[in-house]
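Geometric and topological summary
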Amino acid sequence: MTEPGWTLVLEHFQHPRNMGCMESPDAVSEDVNELCGDRIRFQLSRSPHGVGTAMFLGDGCAISIATASILTEKVTGLGLDEVARISIDDVIEDLVADVKSGRRQCVGLPIKVLQDAAHKLVAMDIGK
Ligand code: FES
């Protein structure tokens, strides 16, 4: 097992995956951390089983950008129920980072925005 550190956080912050605008997203959600002003937006496309692809835009700290980046890879192809179960601890484990309690919201913001967007995909299904 890899020792906790910041290598993966820095890699995703400096070279974020799937950052940009999706041409025709099926669901979009955005939110801001009122304490710091950092903002994350997720765009999702639908697949028959859940999330097709995920892209994000963000103006945030290294942890929030790295979280959003790693989430875009993590949720591709996942069912919406699986997306709903992603926790802060899951992502901290994925990031292999020693995220202190005062920075957990930096991980929580992108998760919340992603799950809000996934909830909109569920609502689309209900509306059919
Ligand atoms: Fe604002 Fe991390 S410092 S989300």
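This section reports on the structure supplied with the text. These numbers come from a predicted model, not from an experiment. For every chain, the first residue of the written sequence is number 1, and numbering continues from 1 onward in sequence order. Per-residue local features are limited, in this predicted model, to residues with pLDDT of at least 70; the limit for side-chain atom pairs, both in listing and counting, is 80 or more; totals at the level of whole chains, interfaces and linings are taken over all residues. Only hydrogens and water are set aside when side-chain values are computed; all heavy atoms of the structure are taken into account.

What we call a nonpolar core is a set of buried Ala, Val, Leu, Ile, Met, Phe, Trp, Tyr and Cys residues that are connected through their side-chain atoms within 4.5 Å. The cut-offs for exposure are 20% and 50% of the maximum accessible area for each residue type, with area from a 1.4 Å probe on protein chains only; residues under the lower value are buried, those over the upper are exposed, and the others partly exposed. Ranked by size, the top nonpolar core spans 34 residues in total, and within it F42, L44, V75, I86, V91 and L114 carry the most contacts. Going through the elements one at a time, β2 (39–47), β3 (50–59), α2 (62–75), α3 (80–84), α4 (88–95) and α5 (104–126) are the ones with two or more residues in this core. With nine residues, α5 is the single largest residue contributor to this core. A run of H or I in DSSP counts as a helix once it spans at least four residues, and a run of E counts as a strand once it spans at least two, with each numbered from the N terminus.

With that out of the way, let us pick up the packing of aromatic side chains. Aromatic pairing here means that ring centres of Phe, Tyr or Trp (its six-membered ring) are within 6.5 Å. Orientation follows from the plane angle: under 30 degrees is stacked, over 60 is edge-to-face, and everything else is tilted. Counted according to the given criterion, the structure contains one aromatic pair. Consider the rings of F42 and F56, whose centres lie 6.2 Å apart with planes at 35 degrees: the pair is tilted. Of this pair, F42 sits in strand β2 while F56 is found in strand β3, placing the two residues 14 residues apart along the sequence.

To continue, consider a nonpolar patch on the surface. Like charges within 9 Å and nonpolar side chains (Val, Leu, Ile, Met, Phe, Trp, Tyr) within 5 Å are joined into patches, using only residues over 30% in relative accessible area that form no salt bridge. Using a 1.4 Å probe, the Shrake-Rupley method yields the accessible areas, and only the shown protein chains count as cover for residues. Salt bridges are counted wherever a side-chain nitrogen of Lys or Arg sits within 4 Å of a carboxyl oxygen of Asp or Glu. On the surface, a nonpolar cluster with roughly 270 Å² of combined accessible area is contributed by W6, L10 and F13. Mapping W6 onto the fold places it in the segment before α1 (7–14). Exposure remark for W6: the relative accessible area of 36% places this residue in the partly exposed category.

This part covers the side chain of N33. Structurally, N33 is set in the loop between β1 (27–32) and β2. By relative accessible area, which is 11% here, N33 ends up buried. Polar contact criterion, stated in full: a pair of N or O atoms within 3.5 Å, where within protein one must be able to donate a hydrogen and the other to accept it, and residues adjacent in sequence count only if both atoms are side-chain atoms. A distance of 2.9 Å separates a polar atom in the side chain of N33 from the backbone nitrogen of L35. Residue contacts are defined here by distance: any two heavy atoms, one from each residue, within 4.5 Å place the two residues in contact. The contact partners of N33, leaving out residues within four places of it in the chain, are D38, Q105 and L109.

Take the pattern of salt bridges next. Side-chain pairs of opposite charge can arise where the charged atoms are in close proximity. Considering all chains together, one arrives at 10 salt bridges under this definition. Between D31 and K112 there is a salt bridge, with the nearest N and O atoms lying 2.7 Å from each other. Here K112 lies in helix α5 and D31 lies in strand β1, a separation of 81 residues in the sequence. Taking relative accessible area as the criterion, K112 reaches 38% and is therefore assigned partly exposed. One salt bridge connects R104 with D89, and the closest N-O pair in it is separated by 2.9 Å. Here R104 is found in helix α5, whereas its partner D89 is found in helix α4, with 15 residues between them in sequence. Here R104 falls in the partly exposed class, since its relative accessible area comes to 28%.

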